[in-house]
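Structural features, examined
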Amino acid sequence: VVMTYIGAALILIGFLLLEKAVGLIRRANDAFRIAHAGLNVMRDPGMDDMAKENAIQIHARRLFVLFLSLSFGALVVVGVPIGFIWVLDRLGILSFEAVMDVTLSWPFLLTTSIVISCYLLAKKSFTNKGKDRFENRYSAMDRLVHHIAFHSTSAQLAISDFEDYIFQEKLLNIDTEKPVFIAGLPRGGTTLLLNIFAELDEFASHTYRNMPFLLVPIIWDLFSTRFQRSDEPRERAHGDGLKVSVDSPEALEEIIWKAFWTSQYSKDRILPWPNVVDQEFKEFFRRHMAKIIYLHWRKANQARYLSKNNLNIARIHLLKDMFDSGRIIVPFRNPIGHSESLLRQHLNFLRIHENDSFAKVYMEGLGHYDFGSNFRPIDFGNWLDEENATRDYVDLKFWLKYWTVTYRHLLSEKQDGVFFLCHEALCQRPTEGLTVLADVLSIVDRARLMQGEKMIAQKASKVMGKALADTQLVQEANQLYIELCKESII
């Protein structure tokens, strides 16, 4: 009997060791990812039919190779341990039939599953730095759930149709007009505005509780409510003193854009969106907005959709075409101070991604390509391919050039419903700034909005003023800043 259980344990141990060596799960994930990418290509409105056909053929060839690799790997992972037990049976050391009966019995399978699950839950990432920060609070099981969510976009989209049907009566009369979009380069005051507006019951935004199955927010909310826990605010990974919890508003909307517009996400850059409204995407987006508003109705009888998404600067015209009643706020900062802050965060996230692989996966899954190993600058007007364009992301000149190209483009995109907001002016004159924002956005609860002055006081803008050798670039940026200030609503 003892040898029988030892044999069963040897099969389990052999399977785990060989799986790790062969990388069977990793290859299965690769196959799922390629299949998912192929489905996204088929629904991507930014690609023509010829490009779709070529991309699908490439994905099909890669899937075929992976299928052969998976088949061989499965044969090795399963066959070698069982073959070893068969050899021991031939040698008279144990009974092959008895070992297989134990291995496939439900008590053995249940016990090993519990042991492995407990190990995963108890295991801590020894490379994880900054454990007190919010993004690093995830256990091994949390990380597994996020991995599943990030690789099941197509399944979530399909389930979303079912969600639409189940909750159609509740969603039917929800008004998705007059949404508010906050967009600009990161570190420019977008999060400050999001936090101020999110305090008002008249706005509904994504929160961390919508993660990781964001594409089916109502179903996920019904399921996750059973095990939701309270959470103490912790400093976010940016190291800027801002504390967040699972109930804090967050920029999660890019997950939706990634699900439909895969061709805009190149390996080394983000491509600006074409000014062509895709009706399928527009309808999905509006239904999703209604779901977020519906979830917010626990606090209010009516609400407007509120979004903070830095990458929306790559599709200002498209947003206005999709939501003509919407309002877009584009905050900006002094170019030198803003560029320095961008560089500091890029270096910060390079360290974080080096020390914690899940942090990199997590940020990429959210569509946050602002910093670190995931960084992909937006290629406005193909500026990244210009002859004199630097691609040294740890050079302050790159970030100042990026700032200049970005806000020059945004200034050229100025239209009704798009409002520039100087962050320094808001910090210096918060009462005036919030009053103007209340007018621009038709905010009802002005008294509560004015309480946002406390948040502004804590985030007063700092300009370091580091000298740069490229005087022409500095002059160009400063001149653009003056032009932006003239367009600012305060």
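Residues numbered from 1 in each chain as written. Predicted model: local features only at pLDDT ≥ 70, side-chain atom pairs only at ≥ 80, totals over all residues. Heavy atoms only, no water.

**What about unusual backbone geometry?**
Here is the rule we go by: A run of DSSP states H or I qualifies as a helix once it reaches four residues; a run of E qualifies as a strand once it reaches two. Both are numbered from the N-terminal end. Relative accessible area decides the class of each residue, using a 1.4 Å probe on protein chains only: under 20% of the type maximum gives buried, over 50% gives exposed, and in between gives partly exposed.
Residues methionine 211 and proline 212 are joined by a peptide bond in cis, for which omega reads 0°. Despite not being glycine, lysine 178 has its phi angle at roughly 55°, a positive value. Note on placement: lysine 178 falls in the loop between α8 (168-172) and β1 (180-182). Assessed through its relative accessible area of 47%, lysine 178 is described here as partly exposed.

**Regarding the packing of aromatic side chains**
Operational definition: Pairing of aromatic rings covers Phe, Tyr and the six-membered ring of Trp, with a centre-to-centre limit of 6.5 Å; geometry is then stacked below 30 degrees between planes, edge-to-face above 60, and tilted otherwise.
Here the structure, examined in full by the defined rule, presents 34 aromatic pairs. On the basis of an interplanar angle of 85° and a centroid distance of 5.9 Å, the ring pair of tryptophan 261 and phenylalanine 281 is categorised as edge-to-face. Placement of tryptophan 261 in the loop between α11 (254-260) and α12 (279-296) and of phenylalanine 281 in helix α12 is noted, with a sequence separation of 20 residues between them. When sorted by exposure, tryptophan 261 lands in the same class as phenylalanine 281, which is buried. With a centroid separation of 5.5 Å and an interplanar angle of 50°, the aromatic rings of phenylalanine 281 and phenylalanine 285 are classed as tilted. Residue phenylalanine 281 and its partner phenylalanine 285 are both found in helix α12; the two are separated by four residues, about one turn of the helix. Each member of the pair, phenylalanine 281 as well as phenylalanine 285, carries the same accessibility label: buried. An aromatic cluster is present here, built from Phe181, Trp257, Phe260, Trp261, Tyr265, Trp273, Phe281, Phe284, Phe285, Tyr305, Phe323 and Tyr369 joined pairwise through their rings.

**With respect to the state of the cysteines**
Our working rule: Working definition: a disulfide is two cysteine sulfur atoms within 2.5 Å of each other.
In total, this model carries zero disulfides according to the counting rule given. Free cysteine: cysteine 422, not disulfide-bonded; nearest cysteine sulfur from cysteine 485 at 4.1 Å. The class for cysteine 422 is buried, based on a relative accessible area of 4%. The cysteine cysteine 427 is free of any disulfide, with cysteine 422 supplying the nearest cysteine sulfur at 8.6 Å. Using a relative accessible area of 16% as the deciding quantity, one classes cysteine 427 as buried.

**Here's the deal with the pairing of strand β7 (residues 418-422)**
Threshold: Should DSSP find at least two bridges between two strands, the strands are taken to pair.
Summarising burial for β7: four of the five residues are buried, a large majority. As defined by bridge partners, strand β6 (residues 327-332) adjoins β7 across five bridges and the pair is classed as parallel. Each bridged residue has a counterpart across the sheet, and for proline 331 the counterpart in β7 is leucine 421.

**So, a nonpolar patch on the surface**
Filter applied, for reference: Two distance rules govern patches: like charges are joined within 9 Å, and nonpolar side chains (Val, Leu, Ile, Met, Phe, Trp, Tyr) within 5 Å, applied only to residues with over 30% relative accessible area and no salt bridge. Note on areas: these come from Shrake-Rupley sampling with a 1.4 Å probe, and a residue is covered only by the protein chains present in the view. Any Lys or Arg side-chain nitrogen found within 4 Å of a carboxyl oxygen on Asp or Glu counts as a salt bridge.
On the surface, Val2, Met3, Ile6, Leu10, Phe84, Trp86, Val87, Leu91 and Ile93 cluster together to form a nonpolar patch covering roughly 830 Å² of accessible area. At the level of secondary structure, the elements contributing two or more residues to the nonpolar patch comprise α1 (2-22) and α3 (49-90). Among the elements that line the nonpolar patch, the one with the most residues is α1, at four residues. Position of phenylalanine 84 among the secondary structure elements: in helix α3. Among the residues examined, phenylalanine 84 registers a relative accessible area of 44% and is labelled partly exposed.

**Remarks on the sheet that holds β6**
Strand order across the open sheet formed by five strands is β2-β5-β1-β6-β7, with parallel pairing between neighbours. This sheet does not close on itself; its edge strands, each paired only once, are β2 (203-204) and β7.

**Side note on the side chain of glutamate 250**
Threshold: Charge counting treats Lys and Arg as positive and Asp and Glu as negative, with His and both chain ends excluded. Here a polar contact is recorded for every N or O atom pair within 3.5 Å, except that within protein the pair must consist of a potential hydrogen donor and a potential acceptor, and residues adjacent in sequence are included only if both atoms are side-chain atoms. Only heavy atoms matter for contacts: two residues are in contact if any of them lie within 4.5 Å across the pair.
Checked against the element boundaries, glutamate 250 lands in the loop between β4 (243-244) and α11. Buried charge without a salt bridge: glutamate 250, with lysine 308 as the nearest opposite-charge side chain at an N-O distance of 4.7 Å. Within polar-contact distance, the side chain of glutamate 250 engages the side chain of tyrosine 208 at 3.2 Å. Those residues in contact with glutamate 250 that sit more than four places away from it in its chain are Leu194, His206, Thr207, Tyr208 and His368.

**Thoughts on the pattern of salt bridges**
The full count for this structure, using the stated rule, is 15 salt bridges. Put simply, arginine 286 and glutamate 177 hold a salt bridge, and the shortest N to O gap is 3.3 Å. Taken together, the residues span a long stretch of sequence, with arginine 286 in helix α12 and glutamate 177 in the loop between α8 and β1 at a distance of 109 residues. Here glutamate 177 falls in the partly exposed class, since its relative accessible area comes to 32%. What emerges from the salt-bridge pattern is a single network uniting Asp268, Arg269, Asp379, Asp385 and Arg391.

**Overview of the packing of helix α16 (residues 396-412) against helix α21 (residues 471-487)**
A pair of packed helices is characterised by two quantities: the angle between their axes and the separation of those axes. Threshold: Axes here refer to lines fitted to C-alpha atoms; in helices the fit is confined to the stretch in contact. Angles between the N-to-C directions go from 0 to 180 degrees. Rotating anticlockwise by less than a right angle from the far helix to the near helix defines a left-handed crossing, while the corresponding clockwise rotation defines a right-handed one. When residues are sorted by character, Ala, Val, Leu, Ile, Met, Phe, Trp, Tyr, Cys and Pro go into the nonpolar class, Asp, Glu, Lys and Arg into the charged class, and all the rest, Gly among them, into the polar class.
Closest axis-to-axis distance for the α16/α21 pair is 10 Å, and the angle between their directions is 35°. Along this stretch, α16 crosses α21, giving a crossing that reads as left-handed. For the pair α16 and α21, contact is made by Lys397, Leu400, Lys401, Trp403, Thr404, Tyr407, Arg408 and Leu411 and by Leu473, Val474, Glu476, Ala477, Leu480, Tyr481, Glu483, Leu484 and Glu487, respectively. Grouping the amino acids of the contact of α16 with α21 by side-chain chemistry returns ten nonpolar, one polar and six charged.

**Section: the pairing of strand β5 (residues 304-308)**
Burial analysis of β5 places five of its five residues in the buried class, which makes it a mostly covered element. Judged by which residues are buried, β5 turns out to be covered on both faces: Arg304, Leu306 and Lys308 on one side and Tyr305 and Ser307 on the other are all buried. Of the pairings in the sheet, the one linking β1 to β5 comprises three bridges and is parallel in character. In the strand pairing of β5, valine 180 is matched with leucine 306. Across two bridges, the pairing between β2 and β5 is parallel. Considered in β5, the bridge of alanine 204 is made with tyrosine 305.

**Topic: the side chain of threonine 190**
Along the polypeptide, threonine 190 turns up in helix α9 (residues 190-198). On the accessibility criterion, threonine 190 (2% relative accessible area) is buried. Dropping the residues within four chain positions of it, threonine 190 is found in contact with Ile182, Ala183, Gly184, Lys308, Asn310 and Pro331.

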